[in-house]
Number of protein chains: 2
Amino acid sequence: MFDRYNKVQKAVLETTLSLIIEKELQATSMSLIAKKSGISTGSIYHYFDSKETIINELYKAIVLFNGEYVLQNVYTDEPLRTRLERAWENMIRLSLEYPKGFQFIEQYSFSPYIHDESKRQAYEGGWCGPLKQLYQEAVEQGLFIPMDPFSMVQMHYGSFVYVIKAHLNREVAITDDLIRQLLQVTWNSVSADKQ
Amino acid sequence: MFDRYNKVQKAVLETTLSLIIEKELQATSMSLIAKKSGISTGSIYHYFDSKETIINELYKAIVLFNGEYVLQNVYTDEPLRTRLERAWENMIRLSLEYPKGFQFIEQYSFSPYIHDESKRQAYEGGWCGPLKQLYQEAVEQGLFIPMDPFSMVQMHYGSFVYVIKAHLNREVAITDDLIRQLLQVTWNSVSADKQ
DNA sequence: TAAAATGGAATGAACGTTCGATTTATGAAA
DNA sequence: TTTCATAAATCGAACGTTCATTCCATTTTA
């Protein structure tokens, strides 16, 4: 997840992620990060300008990682439906495999603590733009109803997010059956031939 | 929104809500709340035990308010589809009419800062339970595909939330047309006669 | 041997909360 | 209606703690 960072930075980012998820931003103090990561505050400040920098770096790293994960095996020569369903399934599997990263992005993507510059950089490397393109194609090919592709992406992602949140709260169990159902429901929602 | 509170409590809750939305929790200090609401910290502590209490009270008040709003005109003798679509439209209109409350709940419903007790109390008076019942009925009547009603509610709510978030970020414009489309898409996603 | 990296005590600002003085409201007695 | 005593409400300075950050001595690396 933090491959492009050195050992110390990696330890700091991983520790910060864990602490923020189990506690929260304001309860995640620098001294706690230092203690839990085994790196002194002095060293942390040698690699990061400030606490804000750590959080923003964390945000960018996770969004980039998620982007790569979601777009796995999506640019193939298979039918558009297959590729879209693969992206959707990747989203679900990603959040199950890396729940901390998922929760972090969920909690902070709309927070003022994340700078606009970080959000912009994240958008560049994230999955949102590329996926919007696929939706656009699906609309143009008449597979999807004529609707704003960006709204569709948001809508579908939101529906996954909330089922996953419920899963992480132990209110819903995500099984392979439920995943199959979710993909079906997602397709049906905007499929042109069901109208 | 805060009718069951006295004048001072109301001012404190309203100010806190505004500050938390435009800044965030950790930047919303008691002295700032005091200054902006025109009520001294001494008085605030006369009515609230702590900052935590204020936030939790805010959370409960908003969820209760939202619950009433969403369930408006849903318990009528009209067809189930009409009543479900009314609940969905209420959700959308609520978030457009009271965006601060919407954003607050969005940001804090999964935060450790909100006690489990507050979440439990909120669930009792919120719209989630009653709506789940309606979905259950729709499944039993064969209107909806056989799927866990709770997951359906989450899924649909999530899809609205994300479109609304995009709207509040000025990335999408919610028009009456888009609302009509959203209701249609929501119905299609789980409608039994489209399978 | 010079530069980079590390450690952790020290610093100063900011925060939530408390406290005691002061003002305002209440209501029974005259 | 006025008076007065008690209680409730309000204020903001003061308190103690915690936090992000700095600093410099020490260790490690090149």
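Residues numbered from 1 in each chain as written. Chains lettered and ligands numbered in written order. Predicted model: local features only at pLDDT ≥ 70, side-chain atom pairs only at ≥ 80, totals over all residues.

### Quick notes on the overall build of chain A
- A tally of helices and strands in chain A yields 10 helices and zero strands.
- Scanning chain A from its N terminus toward the C terminus, one meets helices and strands in the order α-α-α-α-α-α-α-α-α-α.
- Over its C-alpha atoms, taken along the principal directions, chain A stretches across nearly 60 × 35 × 30 Å.
- Looking at chain A residue by residue over its 195 residues, the buried ones come to 34%.
- A separation of at least 24 residues holds for 64% of the contacts in chain A among residues at least 6 apart in sequence. (Helix = DSSP H or I, 4+ residues; strand = E, 2+ residues; numbered from the N terminus. Buried ≥ 20, exposed ≤ 12 C-beta atoms within 10 Å, placed from the backbone. Contact = placed C-beta atoms within 7 Å.)

### Some words on the protein's contact with DNA strand D
- As a matter of local geometry, DNA strand D sits amid 15 residues, with Ser29(A), Met30(A), Ser50(A), Lys51(A) and Gly42(B) nearest to it.
- Among the secondary structure elements, those contributing two or more residues to the surface near DNA strand D are α2 (30-37) and α3 (41-47) of chain A together with α3 (41-47) of chain B.
- The residue inventory of the surface near DNA strand D, partitioned by class, reads four nonpolar, 10 polar and one charged. (Near = placed C-beta within 6 Å. Nonpolar A, V, L, I, M, F, W, Y, C, P; charged D, E, K, R; others polar.)

### Quick look at the packing of helix α4 (residues 51-70) of chain B against helix α6 (residues 99-108) of chain B
Residues and elements named next belong to chain B.
- α6 packs onto α4 with a crossing angle of 120° between their chain directions and a minimal axis gap of 10 Å. When the axes of α4 and α6 are compared, the pair comes out oblique. In the packing of α4 onto α6, the handedness of the crossing is left-handed. Between α4, through Leu58, Tyr59, Ile62, Val63, Phe65 and Asn66, and α6, the contact on the second element is made entirely by Gly101, Phe104, Ile105 and Tyr108.
- Of the residues belonging to the contact of α4 with α6, the class tally is eight nonpolar, two polar and no charged. (Axes fitted to C-alpha atoms, helices over the stretch in contact; angles between N-to-C directions. Parallel < 35°, antiparallel > 145°, perpendicular 65-115°, else oblique. Left-handed = near helix turned anticlockwise from the far one by under 90°.)

### Some details on unusual backbone geometry
- Located in the positive-phi region is Asn73(A), a residue other than glycine, with phi close to 55°.
- With respect to the element layout, Asn73(A) can be found in the loop between α4 (51-70) and α5 (80-97).
- Phi is positive for Arg170(B), which is not a glycine, with a value near 60°.
- With respect to the helices and strands, the residue Arg170(B) is situated in the loop between α9 (149-168) and α10 (176-190).

### Points about the protein's contact with DNA strand C
- Near DNA strand C lie 15 residues; those nearest to it are Ser40(A), Gly42(A), Ser29(B), Met30(B) and Ser50(B).
- Going through the elements one at a time, α3 of chain A together with α2 (30-37) and α3 of chain B are the ones with two or more residues in the surface near DNA strand C.
- If you tally residues by element for the surface near DNA strand C, the top one is α3(A), at four residues.
- Its residues assigned to classes, the surface near DNA strand C comprises four nonpolar, 10 polar and one charged.

### Some points on the packing of α5(A) against helix α8 (residues 128-140) of chain A
Residue and element names in this part refer to chain A.
- Taken N-terminus to C-terminus, the directions of α5 and α8 make an angle of 150°; their axes are 11 Å apart at the nearest point. When the axes of α5 and α8 are compared, the pair comes out roughly antiparallel. You can see that α5 and α8 cross each other, and the crossing is left-handed. Residue-level inspection shows Leu80, Arg83, Leu84 and Ala87 of α5 in contact with α8, the latter providing Leu131, Leu134, Glu137 and Ala138.
- For the contact of α5 with α8, the per-class residue count stands at six nonpolar, no polar and two charged.

### Quick look at the relation of the copies chain A and chain B
- Superposing chain A onto chain B takes a rotation of 180° combined with a translation of 0.0 Å along the rotation axis, leaving an RMSD of 0.0 Å. Both copies are brought into coincidence by an operation consistent with a two-fold rotation axis.
- Comparing interface residues between copies, 100% of those in chain A also sit at the interface in chain B, which points to an isologous, same-surface contact. (Least-squares fit on C-alpha atoms with pLDDT ≥ 70 in both.)

### As for the domain arrangement of chain A
Residue and element names in this part refer to chain A.
- In terms of domain boundaries, chain A breaks down into domain 1 (1-48) and domain 2 (59-194).
- Using C-alpha coordinates to define each centre, domain 1 is positioned 28 Å away from domain 2.
- Across the contact, eight residues belong to domain 1 and seven residues belong to domain 2.
- Taken together, the residues of the side of domain 1 that touches domain 2 break down into seven nonpolar, one polar and no charged. (Domains from an automatic or database assignment.)

### Quick look at the interface of chain A and chain B
- Taken together, the contact pairs 32 residues of chain A with 32 residues of chain B.
- Elements represented by at least two residues in the side of chain A that touches chain B include exactly α9 (149-168) and α10 (176-190) of chain A.
- The leading source of residues in the side of chain A that touches chain B is α9(A), at 12 residues.
- Considering only residue class, the side of chain A that touches chain B consists of 16 nonpolar, 10 polar and six charged.

### What about the environment of Ser109(B)?
- For Ser109(B), the location among the structural elements is in the loop between α6 and α7 (116-125).
- For the pair Ser109(B) and Asp177(B), spaced 68 residues apart in the sequence, the C-alpha separation amounts to 30 Å.

### Let's talk about helix α1 (residues 7-22) of chain B
Residues and elements named next belong to chain B.
- Look at α1: 23 Å from first C-alpha to last across 16 residues, which is about the 22 Å you get at 1.5 Å a residue.
- For α1, the set of buried residues is Val12, Leu13, Thr15, Thr16, Leu17 and Ile20.
- Those residues of α1 that are buried are in contact with α2, α3, α4 and α6. (Expected span 1.5 Å × (residues − 1).)

### Describing the environment of Leu96(A)
Residue and element names in this part refer to chain A.
- Within the fold, leucine 96 resides in helix α5.
- Taking the number of C-beta atoms within 10 Å as the measure of exposure, leucine 96 has 14 and is therefore partly exposed.
- The spatial distance from the C-alpha of leucine 96 to the C-alpha of proline 112 is 27 Å, given a sequence separation of 16 residues.

### Structural notes on the environment of Asn66(A)
Residue and element names in this part refer to chain A.
- You can see asparagine 66 is positioned in helix α4.
- A sequence separation of 25 residues divides asparagine 66 from methionine 91, and the C-alpha atoms of the two residues are 8.3 Å apart.
- Discounting residues that sit within four places of it in the chain, asparagine 66 has contacts with Leu94, Gly101, Ile105, Gly126 and Trp127.

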